[in-house]
Amino acid sequence: MAAPRISSLLSRSFACSSLISRGKNIHPNRGIWRYSTAAVLEEPIKPPVNVDHTQLLVDGKFVDAASGKTFPTLDPRTGEVIAHVAEADVEDINRAVCAARKAFDEGPWPKMTAYERSKILLQFADLVEKHNDEIAALETWDNGKPYEQSAKIEIPMFVRLFRYYAGWADKIHGLTVPADGPYHVQTLHEPIGVAGQIIPWNFPLLMYAWKVGPALACGNTVVLKTAEQTPLSALYVSKLLHEAGLPTGVVNVVSGFGPTAGAALASHMDVDKVAFTGSTATGKIILELAAKSNLKATTLELGGKSPFIVCEDADVDKAVELAHFALFFNQGQCCCAGSRTYVHERVYDEFVEKAKARAMQRLVGDPFKNGVEQGPQIDTEQFEKILKYIRSGIDSGATLETGGERLGSKGYYIKPTVFSNVKDDMLIAKDEIFGPVQSILKFRDVDEVIRRSNKTPYGLAAGVFTNNIDTANTLMRALRVGTVWINCYDTFDASIPFGGYKMSGQGREKGIYSLKNYLQVKAVVTPLNNPAWL
């Protein structure tokens, strides 16, 4: 894929205009069904990829778990087993951390010139780009997201992220600092050491890039624990990373469960830093384990309940399309989903009717089928959780405009769901549902929507849709969130930092800010004898 196309995907792939234009070219009579069971009752398409790696990657080798245990990873389209994957436990975490520690203390990676490290990362990006289609197929098979999303957006973005961090590798440096006296003072920016990283199941490869990329650029070594629902793609790309020339032990990949493998990694005394993306509840546990062990540094990217604010001057048709995307993208399984849609009372009724119509037109089905917008949810636990919240919305008095039930009888498909007349105290307006459920709330003025938007323990992101620059400026400063998208949503770039306020996390990922997560600052002071100047 040519560089201009990648740049285009990164900067505009999530924009409202591109979604509108794409939607105009989709027709139900081409093998895709709108809001019906036909698409999910068909025989699932066979993924065009083989599963070659199911073991743990420790010290440059694929190995079985010490216990010999495995666990199944499932196809969310059917609930059937894709493969059995090695199940890491405490002993395996010890082996992986030992390999990472040896690679950091004795291996060539931290001692290699930054330029040499950057060349390996660039070679890795080239290899991933070469294998784009196979990696995308593996990601879709294990996760359920549309193949077009994996192949045309997420894998190219993964490549872009590693090229971005490769560019940073030889630009990390300290400062010379003036002091009050005859001293030469300099700061060194040093790698932090062994980084334990725990990634979620909703964006397995992008989270791999967000974490592994800056860690390696700064000269660290890594033990990465994948989500038990989606272990396959990380193993595949990590094999390519070694083919690119990465020394053994620098990146180790373990698959397993949070209470065992994840807890062992977060509490390990020889891990210098832990980074986690997932729920706020689990983030609290990670923080506690890190503190009670060796007080290791932590980066946490946690949950959200992001407001999407449609002002009274909005173009309703465009606002509906963008709000639809903000919520339903990735089956609604997105930490920054615009899951509280606040609409001004003057345009509320029109917005609700058009949001309902758009949801009913959403193309749901086998994610390998061309044109599908929404695949299945990740697993039965998430599937049942979403349906429980839908029942809660009905029981609490919200108006179910459309959807609200499973689609088909096989796999984890849920109909795109829209609620109106939602109140702030309802669970569907307070809790992170992580599914295709849009809650539409009414507001009267800017001061009111600011107060209500901020009345949440979360602070990850927000969307603002308005033509008034003064309104936009007021909202962007008043909303207590880490990212504000104005007249766009989910616009991600390698250089744009991402993270939350309040209980949505600690620290920032991507961009220059992410490098701070993987560096220590050391001050070096040397006396000067009869200096010519100070």
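Residues numbered from 1 in each chain as written. Predicted model: local features only at pLDDT ≥ 70, side-chain atom pairs only at ≥ 80, totals over all residues. Heavy atoms only, no water.

### Notes on the overall build of the protein
The secondary structure content of the protein amounts to 17 helices and 20 strands. Dimensions of the protein along its principal axes, counting C-alpha atoms only, are 75 × 55 × 45 Å. The buried share among the 534 residues of the protein stands at 58%. Put simply, 75% of the contacts in the protein that link residues at least 6 apart link residues at least 24 apart. When the accessible surface of the protein is summed, it comes to about 21400 Å², and 52% of that surface belongs to carbon and sulfur atoms. Each charge class in the protein was averaged separately, 58 positive and 59 negative side chains, and the resulting centres sit 2 Å apart. (Helix = DSSP H or I, 4+ residues; strand = E, 2+ residues; numbered from the N terminus. Buried < 20%, exposed > 50% of the residue type's maximum accessible area, 1.4 Å probe, protein only. Contact = heavy atoms within 4.5 Å. Areas by Shrake-Rupley, 256 points an atom, 1.4 Å probe, with all protein chains shown as cover. Lys, Arg positive; Asp, Glu negative; His and termini not counted. Charge placed at Lys NZ, Arg CZ, Asp CG, Glu CD.)

### Some points on the side chain of Gln229
Take Gln229: it is sitting in the loop between strand S8 (221–226) and helix H9 (232–243). With a relative accessible area of 17%, Gln229 lands in the buried category. Look past the residues within four positions of Gln229 in its chain and what remains in contact with it is Thr73, Asp142, Trp201, Ile378 and Asp379.

### Some points on the sheet that holds strand S13 (residues 340–344)
Note: strands within a sheet are paired through backbone hydrogen bonds, in either parallel or antiparallel orientation. Judged by pairing direction, the sheet is mixed, and its seven strands sit side by side in the order S14-S15-S16-S13-S12-S17-S18 without closing on themselves. For this open sheet the edge positions go to strand S14 (399–402) and strand S18 (483–486), each flanked by a neighbour on one side alone. Across the sheet, the axes of successive neighbouring strands diverge by a mean angle of 25°, strand direction being ignored. As paired elements, strand S12 (residues 307–310) and S13 share four bridges and run parallel to each other. Paired with Phe308 across the strands is Thr341, a residue of S13. This element, helix H14 (residues 380–395), spans S14, strand S15 (417–420) and strand S16 (437–443) of the sheet and lies at about 25° to S15. Against the sheet, helix H16 (residues 446–454) contacts S12, S13 and S16, and its axis sits at roughly 140° relative to S16. (Pairing = 2+ DSSP bridges. Axes fitted to C-alpha atoms, helices over the stretch in contact; angles between N-to-C directions.)

### Describing the pairing of strand S3 (residues 70–75)
Pairing analysis gives six bridges linking S3 to strand S4 (residues 80–86), with the strands arranged antiparallel. Note on S4: the bridge partner recorded for Pro72 is His84. With antiparallel pairing between neighbouring strands as the criterion, S3 and S4 make up a hairpin whose turn holds four residues, including Gly79 at a positive phi of roughly 80°.

### Overview of the sheet that holds strand S5 (residues 176–177)
Sheet architecture is open: three strands sit in the order S5-S6-S20, paired in antiparallel fashion. If you trace the sheet from one side to the other, it starts and ends with S5 and strand S20 (519–527), each paired once. Strand direction decides the pairing type here: S5 and strand S6 (residues 183–191), joined by two bridges, are antiparallel. Within S6, the position partnered with Val177 by the bridge is Val185.

### Considering the packing of helix H5 (residues 114–130) against helix H7 (residues 147–168)
Taken N-terminus to C-terminus, the directions of H5 and H7 make an angle of 170°; their axes are 8 Å apart at the nearest point. When the interaxial angle is binned, H5 and H7 end up roughly antiparallel. From H5, Ser118, Leu121, Leu122, Phe124, Ala125, Asp126, Val128 and Glu129 reach across to H7, where they touch Ile155, Phe158, Val159, Phe162, Arg163, Tyr165 and Ala166. A breakdown of the residues in the contact of H5 with H7 according to their chemical character gives 11 nonpolar, one polar and three charged. (Parallel < 35°, antiparallel > 145°, perpendicular 65-115°, else oblique. Nonpolar A, V, L, I, M, F, W, Y, C, P; charged D, E, K, R; others polar.)

### Digging into the confidence of the model for the protein
Across the protein, pLDDT averages 93, with 92% of residues at or above 70. With pLDDT under 50 throughout, residues 1–33 is counted as low confidence; its partners more than four residues away or in other chains account for 55 contacts. (pLDDT = per-residue confidence, 0-100.)

### Re the packing of aromatic side chains
In this description, an aromatic ring pair is defined by two values, namely the gap between the centres and the angle between the planes. A full pass over the atoms with the stated rule returns 18 aromatic pairs. Both rings, one in Phe308 and one in Tyr489, keep their centres 5.8 Å apart while their planes meet at 55°; by these two values the pair is tilted. Here Tyr489 lies in the loop between S18 and strand S19 (505–506) and Phe308 lies in strand S12, a separation of 181 residues in the sequence. Tyr489 shares its class with Phe308; the two are buried. Counting every residue linked through ring pairs, the aromatic cluster contains Trp210, Phe308, Trp485, Tyr489, Phe492 and Phe498. (Phe/Tyr/Trp six-rings, centres within 6.5 Å; stacked < 30°, edge-to-face > 60°.)

### Digging into the pairing of S18
Residues of S18 alternate between two faces, with Thr483 and Trp485 buried on one and Val484 and Ile486 left unburied on the opposite face. As paired strands, strand S17 (residues 461–465) and S18 are joined by four bridges and run parallel to one another. From the neighbouring strand, Ala461 faces S18, where its bridge partner is Thr483. Read from S17 through helix H17 (residues 469–478) to S18, the crossover connection turns out right-handed. (Right-handed = clockwise from strand over helix to strand, strands pointing away.)

### Let's talk about unusual backbone geometry
Of all residues except glycine, most have a negative phi; of all peptide bonds, most are trans. The backbone of Asn330 sits at a positive phi, close to 60°, despite the residue not being glycine. With respect to the helices, strands and loops of the structure, Asn330 is situated in the loop between helix H12 (316–328) and S13. Look at Asn330 and you get buried, because its relative accessible area is 1%. Positive phi is not limited to glycine here, since Gln331 has a value of about 65°.

### Considerations on the packing of helix H4 (residues 90–105) against helix H10 (residues 258–266)
Put simply, H4 and H10 touch, their axes get as near as 8 Å, and they point 40° apart. The angle between the axes of H4 and H10 places the two elements in the oblique class. The two elements H4 and H10 cross, and the hand of that crossing is right-handed. Here Val90, Ile93 and Val97 of H4 lie close against H10, whose contacting residues are Ala261, Ala264 and Leu265. Taken together, the residues of the contact of H4 with H10 sort by class into six nonpolar, no polar and no charged. (Left-handed = near helix turned anticlockwise from the far one by under 90°.)

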